[in-house]
Structures are given as C-alpha cells and as structure tokens.
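# Reading the structure
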Amino acid sequence: MNKKMIMRTVLSAVIILLLIITGAYFYSLLSKKEKESDTNLYTLIPKDCIAILETDNAGHFFHNINNVNYERNINSLKISELLYGLKNNFETLSNNKIHGFSKQMSQIVVSFHQPNTSKDQILYCKLGSGDKDFIKGYIDRNTSILFPPKTFEYRNEKIHIYPLNATEFLACYYHQEFLVVSYQEKLIEKVIDTYLDKESILCDSVFASIVNRNKTRMEATIFIKGEQIELGNNEDKYPKTTSISHWGEFDIKLNPDAIYLSGTSFDTDSCNSFDNALKTVEPVPNISGKELPESTYFLCQLATSNMEKMFKQITQKEYPPLRCYTPQEKADSCMLHYLKEYAENTMSIIMFTTSQDENTQRIIANIPVKDRESAESYLKNLIPTFTGRKIESSFSYSNGKTYQSMTLPRLTFTGHFVRGIIKNRLSEDYVCCFYNDRLLIAPNDTCIQDYIHLVDNGKVKEGDVIFEECMAGLAPESACLLMTDMSKTITEPQLYGHLMPNFFFKNKDFFRNFLMTTQFTTANGTVFPSITLTYKGEL
C-alpha cells in the first residue's frame with residue numbers, strides 16, 4: 001500500500017472516530033437532558049386525593065383486563081370513566097402511532113378524588129418524543145364537531161376543553177413532558193395549583209416514604225388512603241366511617257378467574273387505626289373448615305390477645321373499665337375480663353343458613369376456651385353477678401349429647417356483628433353454650449342448635465373445593481381473616497353495611513359474582529393485608 005493510500009485510510013479513520021465521539025457526546029447531553037426533564041408524576045397529584053392507581057406497563061395491564069373471564073362484569077364497576085375510555089381505546093391508539101407509544105407514555109397514573117363518582121378522577125401520563133402532537137391530534141379528530149374545543153388560561157397555564165356532547169367534556173393540560181386529563185375542569189385547576197405551588201401528595205411524609213422505596217412494581221399498584229373509609233350503612237346511630245390505615249399499598253395481579261391484591265399498610269404510631277390495633281396482637285392459626293357449616297357465607301376471625309385494642313377498633317367505643325355505671329357497661333366489662341382469663345386468643349364470627357330455611361340468617365360467635373370445665377363453672381357463677389337474676393337455661397340434644405344454653409345480656413362486641421342481621425325474640429338477651437372446647441354466643445337458641453347440628457353431622461366446609469383453594473393461598477396464621485360470599489352480603493347494605501366499605505355496595509353488580517378472602521398478617525411491626533376475589537361466574 002503506497003503512502004498516499006495509507007494517509008487517506010488514517011484520515012478516514014480519524015474522521016469516523018471524531019463522528020463517533022461527537023455523536024456520543026451529543027447523545028450523552030440528550031440523555032442527561034431527558035433525565036433532568038423526567039417528571040415525577042406524583043409531583044402533580046393534589047394532596048387531597050383518596051386513592052392512586054399506577055401502572056408502568058399500560059398496554060400489558062389493559063391486555064390482561066381484556067382477557068379475564070369476568071371482563072364483561074368490569075364495565076359495571078363505577079370506578080373511573082377515564083380508565084374505561086383508555087382501556088377501550090388503548091390498543092387503537094397504540095396501533096395508530098407508527099412506532100407505538102414511547103416508554104414514557106406506558107406509565108399511567110390515575111388519582112381519585114371526592115365525592116368519588118366515576119368522573120372524579122385525574123389521569124396523568126408522561127410524554128415522549130412525538131406523543132404530545134399525536135395525542136392532541138387524536139383527541140381533535142375524535143371529539144364532537146358540533147361543539148368546537150376551547151382554551152382557557154388559569155394562572156398563565158392553558159387548559160384545553162374538548163366537548164364530547166352537549167353535557168360532557170374532557171379538560172386537558174398539556175406540557176412538553178406530561179399530559180393531564182379529567183372530566184372536571186376544577187380538578188385540572190387543582191393540578192396546576194399543585195404543580196406551581198409544589199404542594200403535592202409527596203408532602204405527605206408517609207406516602208412519600210412508600211413511593212420512594214426501592215421496590216419492584218407489579219403490572220399495577222393501587223394506593224388507598226384508609227383514614228376515613230366510608231361504610232355501607234345508612235342509619236344515623238351507627239358510625240359512618242372507619243379508620244383502617246393511613247395508607248395501604250396493594251400490588252394488583254389478574255388471572256382469568258381471580259383478582260389478587262397483595263398489600264402493605266403504612267401508619268404513624270399515633271394513628272388510631274384498625275391496622276395499628278392488629279400490630280399489638282399475636283397471630284393465631286386459621287380456623288379449620290371442620291368448624292364452619294357448609295353453608296357459611298361470612299366469616300370474621302380475629303386474634304384477640306389485646307382485647308382492649310380490638311374492642312375499641314371494632315365497636316369504636318372505649319374499653320369498659322372494671323367500675324361501670326350502666327348494666328351494658330357492667331355486662332361488657334365482666335365478659336371481656338372473663339374472656340381474657342379463660343378464652344384462647346381468638347374469636348370467630350360465623351354467619352350461615354340451613355337447608356330448611358336458606359333465607360334466614362344464622363350467626364354465632366365461636367370462642368375457643370383454655371379449660372372447658374373451669375371456664376363453664378366460672379361463667380355460671382359470673383352471670384348472676386351482672387344480671388341480678390338466676391341463670392335462665394334451656395337444653396338441646398344432638399347425636400346423643402345434651403347441651404345447656406344460658407341467657408346472657410347483649411354484649412357490645414358481638415352485638416356489632418349481629419345488629420340488623422338477627423331480630424331477637426328478647427332484644428336485650430343473647431344465649432351462650434359450651435360445645436366441645438368452644439364457647440358459643442348467639443342471639444337465640446336456634447342459631448346455636450342449628451350450628452351444633454350441622455357441625456356434629458359433618459355438614460362442614462372441610463373438603464369443599466373452593467374453600468380449600470381459598471385457604472391454600474393463605475398464610476397459616478392471621479391477625480384477622482375475613483371470608484364472604486359477596487352474593488349473600490353485597491345486595492343487602494341495610495344488614496351488612498356496617499361490616500364492609502361502601503365501595504363494595506356501590507359496585508354490587510360486579511362484586512356479587514365473587515368470593516372475597518381478606519387476610520391480615522403481621523411481621524416486624526408491619527401489617528400486610530391481602531385480598532383475593534375468586535370469580536364464581538356471572539349471576
């Protein structure tokens with residue numbers, strides 16, 4: 001090779017090397033700029049939101065929703081019309097964009113706000129290269145030509161209003177790096193206030209600690225503010241709300257026949273919540289199917305090693321002192337101190353029906369005792385001290401055994417579960433009975449007799465395929481375990497509204513097709529709630 005050729009080759013190599021270095025330099029500047037402009041969507045979310053849904057892979061999430069056996073039922077969920085619209089159009093949107101959505105736009109966040117109708121949400125997404133113009137063009141092409149779009153200014157920021165018809169519109173806030181959409185213009189204004197004033201949900205130190213953790217996200221995560229959960233009852237004499245936790249984080253997983261929510265609760269120590277009460281109890285083994293009639297449709301098993309905390313959280317009343325002034329306080333005090341002494345650290349509330357009368361509910365409290373003989377003897381001596389009268393007894397028979405039922409004053413703790421469900425013959429009196437190593441408490445003799453008859457004759461949940469599958473997916477011990485056939489409870493808020501959040505009753509057309517299993521476990525001072533919704537088929 002001659003010298004001229006060598007020089008030409010070297011020069012070409014130098015030029016190529018310079019181009020590579022220059023390209024790498026500008027690429028690094030571009031990457032740095034993108035990182036610096038990578039907006040944290042949580043800095044846009046108003047701090048008065050009550051829940052947040054996030055997905056880092058919107059396409060995969062919506063694809064899974066469209067391929068479950070209960071997909072038809074999802075449309076009955078009154079959660080978010082924004083989400084429904086996006087779910088129904090996401091594939092079309094993605095296919096219309098030549099190279100699909102950018103990685104940035106795959107992250108979608110939805111915040112929920114009071115009064116929590118299906119239009120009280122805000123949808124946020126990041127925008128990558130070309131996303132803004134594409135989305136804006138798509139909205140322009142698909143809104144009503146009869147009602148032209150308008151633009152308003154709020155705090156020098158533009159809000160674009162796209163009428164969908166004579167009464168509905170979409171309000172959009174475009175930024176070079178993100179898009180915000182809502183059916184409510186006032187919610188878009190809240191986002192602008194939040195963005196400009198830097199007063200977002202991240203100002204909540206508990207929530208900020210959750211989202212800033214190094215944690216692998218599932219296909220979707222929902223954060224729920226649990227300080228004031230609205231209950232489903234409508235009667236003035238009952239509390240309208242309950243406090244579960246300050247924040248709960250749930251990873252969502254969908255399969256064809258079930259919905260799984262695996263969660264972690266986050267509370268401040270001073271928060272008077274159900275989860276904080278659960279932190280103080282010792283977990284107990286899950287109840288056996290042998291103790292549940294085959295027709296059981298509601299179960300609530302509680303660990304009660306800290307009876308004071310559990311009493312306060314369940315009844316929303318102070319634990320009664322030893323020195324009481326009313327007959328109700330005296331009965332509560334005597335029985336709760338009795339249970340602390342003689343009962344094991346667990347109690348189960350069981351609701352069931354019988355084959356002879358499937359429309360009439362039965363309910364009992366099932367309480368294991370440490371020493372049956374001592375517990376029964378002491379209770380027989382205790383009851384007259386707070387009733388002021390002799391024990392009133394009745395007897396029943398099952399499989400050659402005799403069982404004595406004793407009259408017991410109405411108790412606040414068990415009464416919380418019973419109220420409205422059972423109408424007593426004697427509204428102020430309950431009955432109790434010792435069965436094997438259990439103390440049973442019920443509103444009437446019939447509940448106890450039917451329970452003993454079913455369990456004695458082996459008509460129980462043990463061996464039931466669906467029940468065993470639900471139990472197999474649980475941890476072996478619980479601080480609280482709740483199982484319910486939603487088709488039995490969700491249609492009657494007047495009976496069960498004090499036991500479940502109103503969200504379920506508002507969406508009864510969806511949830512009545514499911515069995516719900518909720519388990520609270522604890523470890524190292526943290527509560528881990530998990531919820532499984534098992535699809536039974538459309539009713």
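Predicted model, so just to flag it, every value in this text is computed and none were measured. All chains use their own residue numbering, which begins from 1 and follows the written sequence. Note on the predicted model: pLDDT of at least 70 is required for a residue's local features to be given, and 80 or more for side-chain atom pairs to be given and counted; whole-chain, interface and lining totals, by contrast, use all residues. Side-chain metrics in this entry use all non-hydrogen atoms of the structure; hydrogen atoms and water are not considered.

### Some remarks on the overall build of the chain
For helices the rule is a DSSP run of H or I covering at least 4 residues; for strands it is a run of E covering at least 2, with both sets numbered from the N terminus onward. Counting its secondary structure elements, the chain contains 18 helices and 24 strands. For the chain, buried positions account for 51% of its 539 residues. Any two residues whose heavy atoms approach within 4.5 Å at even a single point are treated as in contact. Long-range pairs, those at least 24 residues apart, make up 64% of the contacts in the chain between residues at least 6 apart in sequence. Areas reported here follow the Shrake-Rupley algorithm with a probe of radius 1.4 Å; residue values treat only the protein chains shown as occluding. As displayed, the chain offers around 26,900 Å² of accessible surface, 52% of which is attributable to carbon and sulfur atoms. A simple rule labels every residue: compare its accessible area, found with a 1.4 Å probe on the protein chains alone, to the largest value its type can have, and call it buried under 20%, exposed over 50%, or partly exposed in between.

### Looking at the nonpolar core
For our purposes a nonpolar core is just a set of buried Ala, Val, Leu, Ile, Met, Phe, Trp, Tyr and Cys residues, chained together by side-chain atoms within 4.5 Å. Among the nonpolar cores identified, the biggest contains 96 residues, and Tyr70, Tyr338, Leu379, Leu408, Leu439 and Ile441 are the most heavily contacted of them. Among the elements that take part in this core, helix α10 (residues 327–342) stands out by supplying six residues, more than any other. Excluding residues that lie within four positions of it along the chain, tyrosine 70 makes contacts with Leu254, Asn255, Pro256, Asp257, Ala258, Ile259, Phe510, Phe514 and Tyr535. In this structure, Ile45, Ile161, Ala171 and Leu187 belong to the second largest nonpolar core, which totals 27 residues.

### With respect to the side chain of serine 265
Secondary-structure assignment places serine 265 in strand β12 (residues 258–266). Looking at serine 265, the relative accessible area reads 7%, which means it is buried. Polar contact is defined as a pair of N or O atoms within 3.5 Å, subject to the rule that within protein one atom must be able to donate a hydrogen and the other to accept it, and that residues adjacent in sequence are counted only when both atoms are side-chain atoms. Side chain to side chain, serine 265 and aspartate 275 meet in a polar contact 2.4 Å long. Beyond its immediate stretch of four places on either side in the chain, serine 265 contacts Ser245, Trp247, Gly248, Asp275, Thr526, Val527 and Pro529.

### Remarks on the confidence of the model for the chain
Scored from 0 to 100, pLDDT records how confident the predictor is in each individual residue. Looking at the chain as a whole, the pLDDT averages 80, with 78% of positions reaching at least 70. Low pLDDT (under 50) marks residues 8–37, which in the prediction has two contacts with non-local residues, meaning those over four places away or in another chain.

### Looking at the environment of methionine 351
Mapped onto the fold, methionine 351 is located in strand β15 (residues 346–354). Exposure remark for methionine 351: the relative accessible area of 0% places this residue in the buried category.

### Describing the pattern of salt bridges
We count a salt bridge whenever a side-chain nitrogen from Lys or Arg sits within 4 Å of a carboxyl oxygen from Asp or Glu. Counting across every chain of the model gives twelve salt bridges. Ionic pairing is found between aspartate 193 and arginine 155, a salt bridge with its closest N-O pair at 3.0 Å. Of the two residues, aspartate 193 sits in helix α6 (residues 185–197) while arginine 155 sits in the loop between β4 (150–154) and β5 (157–163), which places them 38 residues apart along the sequence. On the basis of relative accessible area, aspartate 193 is assigned to the partly exposed category, the value being 23%. Its relative accessible area of 38% is what places arginine 155 among the partly exposed residues. Residue glutamate 392 pairs with arginine 389 through a salt bridge whose shortest N-O separation is 3.2 Å.

### Description of the packing of aromatic side chains
Aromatic rings from Phe, Tyr and Trp, with only the six-membered ring used for Trp, were paired whenever their centres fell within 6.5 Å, and each pair was classed as stacked if the ring planes differed by under 30 degrees, edge-to-face if by over 60, and tilted otherwise. For the structure on display, the rule yields 22 aromatic pairs. Geometrically, the ring pair formed by phenylalanine 510 and phenylalanine 514 is tilted, given 4.9 Å between the ring centres and 40 degrees between the ring planes. As far as the burial class goes, phenylalanine 510 and phenylalanine 514 line up, both buried. Ring-pair connections join several aromatic residues into one group, and the members of that group are Tyr70, Phe503, Phe504, Phe510, Phe511, Phe514 and Tyr535. Consider the ring centre and the ring normal. A charge sits over the ring if Lys NZ or Arg CZ is within 6 Å of that centre and within 35 degrees of that normal. Looking at lysine 119, its charged tip hangs above the ring of tyrosine 183, at a distance of 5.2 Å from the centre.

### Quick notes on the environment of isoleucine 161
Looking at where isoleucine 161 falls in the secondary structure, it is placed in strand β5. Judged by its relative accessible area of 8%, isoleucine 161 falls in the buried class. As for isoleucine 161 and glutamine 184, which are separated by 23 residues in sequence, their C-alpha atoms are 10.0 Å apart. Excluding anything up to four places from it in sequence, isoleucine 161 contacts Pro149, Lys150, Phe152, Phe169, Leu170, Ala171 and Glu185.

### Digging into unusual backbone geometry
Look at the link from glutamine 114 to proline 115: it is a cis peptide, with omega at 5 degrees. When you line up the elements, proline 115 lands in the loop between β2 (108–112) and β3 (121–126). A positive phi angle, close to 65 degrees, is found at asparagine 116, a residue other than glycine. Mapped onto the fold, asparagine 116 is located in the loop between β2 and β3. Although it is not a glycine, asparagine 436 sits at a positive phi angle of roughly 55 degrees. Tracing the chain through its elements places asparagine 436 in the loop between β19 (429–435) and β20 (438–442).

### Details of the packing of α10 against helix α11 (residues 372–387)
Each axis is a line fitted through C-alpha atoms, and for a helix only the stretch in contact is used; angles between axes span 0 to 180 degrees, taken between their N-to-C directions. Between α10 and α11, whose axes approach to 11 Å, the crossing angle comes to 165 degrees. When the axes of α10 and α11 are compared, the pair comes out roughly antiparallel. The element α10 and its partner α11 pack so that their crossing is right-handed. Where α10 approaches α11, its residues Lys330, Ala331, Cys334, Met335, Tyr338 and Tyr342 are matched on the opposing element by Ser374, Ala375, Glu376, Tyr378, Leu379, Leu382, Thr385 and Phe386. Its residues assigned to classes, the contact of α10 with α11 comprises ten nonpolar, two polar and two charged. Oblique is the label for any angle not covered by the other classes, which are roughly parallel (under 35 degrees), roughly antiparallel (over 145) and roughly perpendicular (65 to 115). Should the near helix be turned counterclockwise from the far one by less than a right angle, the crossing is left-handed, whereas a clockwise turn marks it as right-handed. The nonpolar class holds Ala, Val, Leu, Ile, Met, Phe, Trp, Tyr, Cys and Pro. Asp, Glu, Lys and Arg form the charged class, and all remaining residues, Gly among them, are polar.

### Observations concerning the state of the cysteines
A pair of cysteine sulfur atoms is labelled a disulfide when the two atoms are within 2.5 Å. Per the counting criterion, the structure on display carries zero disulfides. Its sulfur unpaired, cysteine 432 is 7.7 Å from the next cysteine sulfur, which belongs to cysteine 433.

### Considering the environment of alanine 442
With respect to the element layout, alanine 442 can be found in strand β20. With a relative accessible area of 1%, alanine 442 lands in the buried category. Along the primary structure alanine 442 and threonine 407 are separated by 35 residues, whereas in three dimensions their C-alpha atoms are 9.9 Å apart. In contact with alanine 442, not counting residues within four places along its chain, are Ile363, Ile364, Tyr430, Val431, Cys447 and Ile448.

### A few points about α10
By this rule, a helix spans an expected 1.5 Å times one less than how many residues it contains. Counted at 1.5 Å a residue, the expected span for α10 with its 16 residues is 22 Å, and the 22 Å between its end C-alpha atoms agrees. Among the residues of α10, those classed as buried are Ala331, Asp332, Ser333, Met335, Leu336, Tyr338, Leu339 and Tyr342.

### Overview of the pairing of strand β18 (residues 401–409)
When DSSP finds two or more bridges between a pair of strands, those strands are recorded as paired. Pairing of strand β17 (residues 393–398) with β18, which is carried by six bridges, proceeds in the antiparallel orientation. Residue pairing across strands places serine 398 opposite lysine 401, the latter belonging to β18. In this antiparallel pair of consecutive strands, β17 and β18, the connection spans two residues, and asparagine 399 shows a positive phi of 50 degrees. Bridge analysis of β18 against β19 gives five bridges, and the strand direction is antiparallel.

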